[in-house]
Amino acid sequence: MKKNWFVLIGLLLLAGVISGCNVSEASGRTTVKLNENSEYVKTFKDLHLGEVLDFDLTWADADETEVTIWTEQYKDGKMGTEQAGGISFSESPEKSEKGHLGMGIVHYDEKKAIVVVYGPGVSGKSEEIELDYSGSAYGWEKAVDAEKIELELGKTYILGAYRISKDSHIQSYNLKDKNEVEKMIKEDRTGFLLKVKTEKK
């Protein structure tokens, strides 16, 4: 059963890679904006797979830069040292590109899930993790909305957080505020920060 989930996720993301990596005439900086109506989001919802946070990426200077997207898990009020998923992509033959990047949480067991991180032109990396949802509220906290943000070279950005609360109540936080992020980490039972960074190759 577990193998089937990984195959399904791979096929879904491969379809997105094939259909979503059109070359654009973008110029200037690399930008990211939330896409709550993408095919990824619709597929996760229609198949009851779990939750996905999907973004439109406009990748400027794609032939000269590298984009890295990864997650960092926190638990019991502390940031962990291990990452769940993470990929980098670079060396595009094109000057600029457009595509999708994001993170999905696939539920296939009461206490287990699959974390998948993906980007344009690269297949997603899936990783099995243990998650305890008992008596909890859970879901995404978004740091980026439909208004695109520009990614400065060398700067790390939080795109969102997948959160599991300690009880049935979940409070909202401003992920652009460092102090608010620290409060959220202490408040939740566990969660994942989804981050992105661009660098000169």
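Everything in this summary refers to the structure shown in the same document.

Thoughts on the packing of aromatic side chains
Consideration 1: Inspection of every chain in the model, using the stated rule, returns four aromatic pairs.
Consideration 2: Residues Tyr-133 and Tyr-138 carry aromatic rings whose centres are separated by 4.6 Å and whose planes lie at 65 degrees to one another, so their mutual orientation is edge-to-face.
Consideration 3: Between Trp-140 and Tyr-162, the aromatic rings sit 5.3 Å apart at their centres with planes inclined by 70 degrees, giving edge-to-face as the arrangement. With Trp-140 in strand β8 (residues 138-142) and Tyr-162 in strand β10 (residues 156-165), this pair connects stretches of sequence that are 22 residues apart. Pair check on accessibility: Trp-140 and Tyr-162 agree, each one buried.

Comments concerning the pattern of salt bridges
Consideration 1: Under the definition given, this model contains twelve salt bridges.
Consideration 2: Between Lys-201 and Glu-66 there is a salt bridge, and its shortest N-O distance comes to 3.5 Å. Placement of Lys-201 in the segment after β11 (188-200) and of Glu-66 in strand β3 (residues 65-75) is noted, with a sequence separation of 135 residues between them.
Consideration 3: Classification of Glu-66 as buried rests on a relative accessible area of 19%.
Consideration 4: The network of salt bridges with common partners includes Glu-141, Arg-163 and Asp-188.

Some details on the environment of Glu-150
Consideration 1: As for its position among the elements, Glu-150 is in strand β9 (residues 149-151).
Consideration 2: Among the residues examined, Glu-150 registers a relative accessible area of 42% and is labelled partly exposed.
Consideration 3: If we ignore the near neighbours within four places in the chain, the residues touching Glu-150 are Arg-29, Thr-30, Thr-31 and Tyr-157.

Quick word on helix α3 (residues 178-187)
Consideration 1: Taken as a whole, α3 has its buried residues at Val-181, Met-184 and Ile-185. Down the axis of α3, the smallest arc covering the buried residues is 100 degrees, so these residues share one side.
Consideration 2: Sitting at the head of α3, Asp-177 places a side-chain oxygen 2.8 Å from the backbone nitrogen of Asn-179.

Considering the pairing of strand β1 (residues 30-34)
Consideration 1: β1 sits mainly inside the fold: four of its five residues count as buried.
Consideration 2: Summarising the sheet, β1 and β9 pair through three bridges and their orientation is antiparallel. Each bridged residue has a counterpart across the sheet, and for Val-32 the counterpart in β9 is Ile-149.
Consideration 3: Pairing of β1 with strand β2 (residues 50-59) involves four bridges; the strand directions are antiparallel. From the neighbouring strand, Leu-34 faces β2, where its bridge partner is Phe-55.

Structural notes on helix α2 (residues 39-46)
Consideration 1: Of all the residues in α2, the buried ones are Tyr-40, Val-41 and Phe-44. In an axial view of α2, the angular spread of the buried residues amounts to 100 degrees, which keeps them on one side of the axis. Exposed side chains of α2 directed beyond 90 degrees from the buried face belong to Glu-39 and Asp-46.
Consideration 2: Looking at the residues trailing α2, positive phi occurs at His-48, about 55 degrees.

A look at the environment of His-100
Consideration 1: With respect to the helices and strands, His-100 occurs in strand β5 (residues 97-109).
Consideration 2: Remark: the alpha-carbon pair of His-100 and Asp-56, spanning 44 residues in sequence, is separated by 4.9 Å.
Consideration 3: Within the local environment of His-100, its side chain forms a polar contact with the side chain of Asp-54, the two groups lying 2.8 Å apart.

Some remarks on the side chain of Glu-141
Consideration 1: Locating Glu-141 in the fold gives a position in strand β8.
Consideration 2: Look at Glu-141 and you get buried, because its relative accessible area is 10%.
Consideration 3: A distance of 2.6 Å separates polar atoms of two side chains, one belonging to Glu-141 and the other to Arg-163.
Consideration 4: A polar contact is formed between the side chain of Glu-141 and the backbone nitrogen of Tyr-173, at a distance of 3.2 Å.
Consideration 5: Not counting chain neighbours up to four residues away, the residues in contact with Glu-141 comprise Gly-160, Ala-161, Arg-163, Gln-171, Ser-172, Tyr-173 and Leu-175.

Rules of the game
Every chain's residues receive numbers from 1 upward, in the order its sequence appears when written. Where totals are concerned, whole chains, interfaces and linings use all residues; where local detail is concerned, this predicted model gives features only for residues with pLDDT of at least 70, and gives and counts side-chain atom pairs only at 80 or more. To obtain the side-chain values, all non-hydrogen atoms of the structure were used and water was disregarded. Note on aromatic contacts: the rings of Phe and Tyr and the six-membered ring of Trp form a pair at centre separations within 6.5 Å, being stacked when their planes are under 30 degrees apart, edge-to-face when over 60 apart, and tilted otherwise. Numbering of helices and strands starts at the N terminus; helices are DSSP runs of H or I of at least 4 residues and strands are runs of E of at least 2. Only protein chains enter the accessibility calculation, which uses a 1.4 Å probe; a residue whose area is less than 20% of its type maximum is buried, one above 50% is exposed, and one in between is partly exposed. Between Lys or Arg on one side and Asp or Glu on the other, a salt bridge is scored when a side-chain nitrogen of the former is within 4 Å of a carboxyl oxygen of the latter. Note on contacts: a residue pair is in contact if any heavy atoms of the two residues lie within 4.5 Å. The arc in question is formed by the directions pointing from the helix axis toward the C-beta atoms. N or O atoms closer than or at 3.5 Å make up a polar contact, with two conditions inside protein: a donor-capable atom paired with an acceptor-capable one, and, for residues adjacent in sequence, both atoms drawn from side chains. A strand pair is defined by DSSP finding two or more bridges across the two strands.

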